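Listed here are the chains, written in short residue letters.
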Amino acid sequence: VTPSWNGSTYETTTGRDSRWKVMIETPVSGGPFTLTVTGEKRIVFQDVYIGEVWLASGQSNMSMPLKGYYCQPVTGSNEAILASGGKPIRFINIPAMAAYRPLEQFNATWQKASLETTGDCSAVAWFFADFLHTRLGIPVGIINASFGGSNVEAWIPADACNKHSDIEVPPESEVTSEWINNVPTVLYNGMIHPLEGYGIRGAIWYQGESNVFQVTRYASRFASMVTAWRLKWQAGDFPFYYAQIAPYEYREWNFFTPEFPEISAYIREAQMECTALIPNCGMAVLLDAGDPYQIHPPRKKEAGERLALLALAKTYGLKGFEAESPQFDSMTVSGDKAFLYFKNQFNGLTSFGKPLNAFEIAGENRQFIKADAYIDGEKGIVVVSSHLVSKPVAVRYAFKNYAEAELFGTGGLPVSSFRTDRWK
């Protein structure tokens, strides 16, 4: 193997199964280069770039292409596509494939960013990659392995699924399908296993809508998936950044979950819990980017760029900007007022001059009513009260299926919906 960037030759011997692997020295970034492989035949790979490669995975909000689904738009897609030509960004879409045993290969090729191709790149992944390229000045590659409608169990390998007594792992077989998306292990087998060991900087993830019926189990299963992928890659705790699902009116879905009347809020809460369960991770909050009637909200730029902010700060070490949303930390009560404290503040809290109407407060009777709330700008806290509640016990913020963000960090990143209680 001879790369053009240094002219050195690296040799290895194939195994009896004709497989081989060789490690070669690479520059930090650059291109285009050529890579020449000589065996019985000579193959020259052209237009090779060295840069940052990220794995993008999840369900339909990650797989949604930049051009949008049919009659479902992505805000700013035309402008992004028109500006994409010539950028050193490459993407590869792994074919949607469920398999009942781990597969070793797939049929797909890298695509250059161009007017004709960029629209087929995952919208979230494109905005993520473009943001990184613009700020870092290096080529970026995206491996998109996502499948619409998939639950998290489908992305967990069998050995990790077996650690959960309530996950039934199907027996291995030669069966494959382009349509199955919610059977444990099958998407890991068909779409992630063939990628194991590929040199990636980290992963981004957007999924959760298909797990709203198992909110109490989501956090542990998602954490198991991340741990399993990292073990399979044998590359340490590589960065894993994920998008919290955006608000959507799940009212018709609540027919199946009467014990969780605001099902979207509960899954967002479970995703918040994952920030404490998963090392080297981060969550992009999308409370201001939802749509009450569209489960595929068009504002994908916010998702991609907020994931990129996490990467710039946590992976690439850039400083001086708000990279993650402030997060509820604790509550104290004095008299008839509840005082809410937040961690991860970069420069305090703001509502951008608008009233805070999404707070609710409850006393010992556990009945939540609309609260009065304001930001104490000197202490960076939120003060919540109601003349109807003399002894506050619990507070909730935007804890609904669909809600619009009101509380932000001063950099514009929204605070997630939250509750201080653990009542049903």
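Up top is the structure these notes are about.
Thresholds, definitions, all that
Residues numbered from 1 in each chain as written. Predicted model: local features only at pLDDT ≥ 70, side-chain atom pairs only at ≥ 80, totals over all residues. Heavy atoms only, no water. Pairing = 2+ DSSP bridges. Helix = DSSP H or I, 4+ residues; strand = E, 2+ residues; numbered from the N terminus. Axes fitted to C-alpha atoms, helices over the stretch in contact; angles between N-to-C directions. Parallel < 35°, antiparallel > 145°, perpendicular 65-115°, else oblique. Left-handed = near helix turned anticlockwise from the far one by under 90°. Contact = heavy atoms within 4.5 Å. Nonpolar A, V, L, I, M, F, W, Y, C, P; charged D, E, K, R; others polar. Salt bridge = Lys/Arg side-chain N within 4 Å of Asp/Glu carboxyl O. Buried < 20%, exposed > 50% of the residue type's maximum accessible area, 1.4 Å probe, protein only. Polar contact = N/O pair within 3.5 Å; in protein donor to acceptor, adjacent residues only side chain to side chain.

The next subject is the sheet that holds strand E19 (residues 381-385). The antiparallel open sheet is built from four strands, whose spatial order is E13-E14-E19-E18. In this open sheet, the two edge strands, each paired with only one partner strand, are strand E13 (327-334) and strand E18 (372-376). Across the sheet, the axes of successive neighbouring strands diverge by a mean angle of 25°, strand direction being ignored. Across seven bridges, the pairing between E13 and strand E14 (residues 337-343) is antiparallel. The residue of E14 that forms the bridge with Thr-332 is Phe-339.

Attention shifts here to the packing of helix H6 (residues 215-233) against helix H7 (residues 263-277). The geometry of H6 relative to H7 is characterised by a closest axis approach of 9 Å and an angle of 30° between their N-to-C directions. Classified by the angle between their axes, H6 and H7 sit roughly parallel to one another. The interaxial crossing formed by H6 with H7 has right-handed handedness. On H7, the residues touching Val-215, Tyr-218, Ala-219, Phe-222 and Ala-223 of H6 are Ile-263, Tyr-266, Ile-267, Ala-270, Gln-271, Glu-273, Cys-274 and Leu-277. Here the residues of the contact of H6 with H7 sort into eleven nonpolar, one polar and one charged.

One side chain can pair with another of opposite charge once the charged atoms of both are near each other. Under the definition given, this model contains 22 salt bridges. A salt bridge links Asp-17 to Arg-19, with the shortest nitrogen-to-oxygen separation between them at 3.8 Å. Residue classification places Arg-19 among the partly exposed residues on the basis of a relative accessible area of 49%. The shortest N-O distance in the salt bridge between Asp-47 and Arg-90 comes to 3.1 Å. Here the residue Asp-47 occupies a position in strand E3 (residues 42-50), and Arg-90 occupies one in strand E5 (residues 89-93), the gap between them amounting to 43 residues. By sharing partners, the salt bridges in this structure join Glu-269, Arg-396, Arg-419, Asp-421 and Arg-422 into a single network.

As a further point, take the side chain of Arg-419. By the secondary structure assignment, Arg-419 is in strand E22 (residues 418-419). Here Arg-419 falls in the buried class, since its relative accessible area comes to 9%. A polar side-chain atom of Arg-419 sits 2.6 Å from a polar atom in the side chain of Glu-269. Of note is the side chain of Arg-419, whose polar atom sits 2.4 Å from the backbone oxygen of Trp-423. Ignoring sequence-local partners within four residues, the contact set of Arg-419 consists of Tyr-266, Glu-269, Val-395, Arg-396 and Phe-399.

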